[in-house]
Amino acid sequence: MQANVLITGCCGFIGSSLTDRLLANGYTVYGIDCFNDNYSKSIKLENIKSALSNSKFTLLEKDLNQLELDDISKLNIKYVIHLAAQPGVRDSWGPEFVKYVKNNIDATQRLLEIIIRCPSLKRFINGSSSSVYGDNNSDKPIPINFPTNPLSPYGVTKLTAEKLVKAYAMNYGFEYVNLRFFTVYGPRQRPDMAFSKFIKKAMAGETLIIFGDGTQKRDFTFIEDIVEGIVLSMNQGSGDYNLGRGKSIQLREALAIIQDYFPNIKIQFENPQRGDVKSTWADISNSTLDLGYSPKVDIQEGLIRQIEWMKERISY
Ligand code: NAD
């Protein structure tokens, strides 16, 4: 029989995709989500719809900041996969920062305080971000020991969460990994993320607004590869890992794929936004070595799959 898993942020983009995968693998999944207001609850409920009809899934609608030992002490949780967060670089400046502190730092600390009181805990898997690195000016892949100098308040909160996980693991003796995700895309991508916005605009015949000149480079990682990396990390590895595609392309190349699909779209370039980095590129060699991680989906295939998924769901 498969072990019991706790997934935080289970109704979000990555959390719901992982939930479906672990249920298919026979795990019993307890999911926590508070439906925060970064996007609509109806989208998150749609994400988790199929899981909700599975008897091996239980949804706890709760803010991690209000989590009590009684909520999870009897669930015999072996793995915690922590994906709840306030994501997004651009909104993390100014008054919104309090939400980042609450959902990325305070919530992580509260979860850790509760979970160390559960003797069944074996491993804590923390969903982190390439934003912990800051800018990669070298035009080379970023190795896992690259200095962490976040360029946004969001990146600072994600780095703090990583450090909290490590400090608790070292003091309380459980296994841990911090997985640094590089720009994840595909079906269920958050509506505030670039590809989601571009495809929605293209479908509506509206002009795409691009911040920067399109030469910024990103390591775009397909959701199935990220989910596979998380699953692999449940039984192997220790410490920090990059989960990217291991290739970096200019945003213009991704736009060309969208343009091929929607030939009449118009694109308008605007000034870059504060906190946006020029380049991200994951060196995944230690993830391959320790976890057996081997991402498969290239941008051409992945982006078309996202477009077709969105076309089925959004009508104009
Ligand atoms: P998402 O917003 O779709 O999912 C996060 C979920 O967490 C949401 O459903 C939200 O309601 C929930 N949540 C937030 N705060 C909570 C709290 N205090 N208590 C309970 N639930 C809470 O985001 P996502 O894109 O799926 O990101 C998942 C994780 O991956 C996050 O940690 C994010 O920082 C990280 N990440 C994502 C990307 C990406 O490209 N999507 C890249 C790097 C890192």
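Residues numbered from 1 in each chain as written. Predicted model: local features only at pLDDT ≥ 70, side-chain atom pairs only at ≥ 80, totals over all residues. Heavy atoms only, no water.

Draft legend 1. Just the site of the ligand, in detail. Taken together, 32 residues surround the ligand, and among them D33, Y39, Y154, K158 and R190 come closest. In the environment of the ligand, a nitrogen atom lies 3.2 Å from a nitrogen or oxygen atom belonging to the backbone of C34. Contacts to the ligand include Y154, whose side-chain N or O atom sits 2.7 Å from an oxygen atom. When isolated, the ligand has an accessible area of 820 Å², and the protein chains bury 98% of it. Those elements that place two or more of their residues in the shell around the ligand are α1 (13-24), α5 (97-115), β5 (123-129) and α6 (153-172). (Near = heavy atom within 4 Å. Polar contact = N/O pair within 3.5 Å; in protein donor to acceptor, adjacent residues only side chain to side chain. Areas by Shrake-Rupley, 256 points an atom, 1.4 Å probe, with all protein chains shown as cover. Helix = DSSP H or I, 4+ residues; strand = E, 2+ residues; numbered from the N terminus.)

Draft legend 2. Looking closely at the sheet that holds strand β11 (residues 239-243). Overall, parallel pairing links the 7 strands, which are arranged β3-β2-β1-β4-β5-β6-β11 in an open sheet. Either end of the sheet is taken by a strand with one partner, and the two such strands are β3 (57-61) and β11. Within the sheet, the average angular offset between the axes of one strand and its neighbour, ignoring direction, is 20°. Docked against the sheet, α1 engages β1 (4-8), β2 (28-33), β3, β4 (77-82) and β6 (175-181), running at close to 165° with respect to β1. (Pairing = 2+ DSSP bridges. Axes fitted to C-alpha atoms, helices over the stretch in contact; angles between N-to-C directions. Contact = heavy atoms within 4.5 Å.)

Draft legend 3. Quick look at the packing of α5 against α6. Direction vectors running N to C along α5 and α6 enclose 10°, while the axes themselves pass 9 Å from each other. One way to sum up the angle between α5 and α6 is to call them roughly parallel. Along its contact with α5, which presents F97, Y100, V101, N104, I105, T108, Q109, L112 and E113, the element α6 presents P153, Y154, T157, K158, T160, A161, L164, V165 and Y168. Considering only residue class, the contact of α5 with α6 consists of 11 nonpolar, 5 polar and 2 charged. (Parallel < 35°, antiparallel > 145°, perpendicular 65-115°, else oblique. Nonpolar A, V, L, I, M, F, W, Y, C, P; charged D, E, K, R; others polar.)

Draft legend 4. Just the nonpolar core, in detail. Of all hydrophobic cores here, the largest spans 66 residues; its most connected members are L22, I81, F195 and I230. Discounting chain neighbours no more than four positions away, the residues touching I230 are I14, L18, I81, L83, I125, L179, F181 and L243. (Core = buried A, V, L, I, M, F, W, Y, C linked by side-chain atoms within 4.5 Å. Buried < 20%, exposed > 50% of the residue type's maximum accessible area, 1.4 Å probe, protein only.)

Draft legend 5. Focus on the layout of surface pockets. Taken as a whole, the second largest pocket spans an internal volume of roughly 550 Å³. Lining the second largest pocket are 21 residues, and of these I43, Q189, W309, R313 and I314 sit closest to its centre. Elements with a minimum of two residues in the lining of the second largest pocket: α2 (41-47), α3 (49-52), α7 (194-204) and α11 (299-313). Broken down by element, the residue count for the lining of the second largest pocket peaks at 5 residues, all from α7. Looking at side-chain class alone, the lining of the second largest pocket contains 7 nonpolar, 6 polar and 8 charged residues. (1 Å grid on protein atoms, 1.4 Å probe; cavity = no way out; pocket = protein on both sides within 12 Å on 5 of 7 lines; lining within 4 Å. Points joined across faces, edges and corners; volume = space filled by probe spheres on them.)

Draft legend 6. Broad picture of the environment of K166. Within the fold, K166 resides in helix α6. Along the primary structure K166 and N178 are separated by 12 residues, whereas in three dimensions their C-alpha atoms are 8.4 Å apart.

Draft legend 7. Spatial organisation of the packing of aromatic side chains. Inspection of every chain in the model, using the stated rule, returns 10 aromatic pairs. Taking 6.2 Å as the distance between ring centres and 80° as the angle between the ring planes, the aromatic pair formed by Y100 and Y154 counts as edge-to-face. Of this pair, Y100 sits in helix α5 while Y154 sits in helix α6; the two residues are 54 residues apart in sequence, bridging distant segments of the chain. Across the pair, exposure class does not vary: Y100 and Y154 are buried alike. Between the NZ or CZ atom of K41 and the centre of the ring of F35, over which it lies, the distance is 4.7 Å. K44 extends its terminal NZ or CZ atom over the ring of Y39, reaching a point 4.6 Å from the ring centre. (Phe/Tyr/Trp six-rings, centres within 6.5 Å; stacked < 30°, edge-to-face > 60°. Lys NZ or Arg CZ within 6 Å of the ring centre and 35° of its normal.)

Draft legend 8. Structural context of the environment of I210. With respect to the helices and strands, I210 occurs in strand β8 (residues 208-211). What makes I210 buried here is its relative accessible area of 1%. Note: C-alpha distance between I210 and A256 (46 residues apart in sequence) is 13 Å. Dropping the residues within four chain positions of it, I210 is found in contact with F198, L251, L255, I267, Q268, F269 and E270.

Draft legend 9. How the structure looks around the pairing of β4. Taken across its 6 residues, β4 has 5 buried, putting it largely inside the fold. Of the pairings in the sheet, the one linking β1 to β4 comprises 5 bridges and is parallel in character. In the strand pairing of β4, I7 is matched with I81. Where β4 lies against β5, 4 bridges are found, and the strand directions are parallel. If you follow Y79 over to β5, its bridge partner there is R123. Handedness of the β-α-β unit built from β4, α5 and β5 comes out right-handed. (Right-handed = clockwise from strand over helix to strand, strands pointing away.)

Draft legend 10. The pattern of salt bridges, seen in detail. Across all of its chains, the model carries 22 salt bridges by this definition. Put simply, R123 and E175 hold a salt bridge, and the shortest N to O gap is 2.8 Å. One end of the pair, R123, is in strand β5; the other, E175, is in strand β6, and 52 residues separate them in sequence. R123 gets classed as buried once you look at its relative accessible area, which sits at 4%. (Salt bridge = Lys/Arg side-chain N within 4 Å of Asp/Glu carboxyl O.)

Draft legend 11. Layout of the side chain of T157. Mapped onto the fold, T157 is located in helix α6. Those residues in contact with T157 that lie beyond four places of it in its chain are F97, Y100, V101, N104 and I105.

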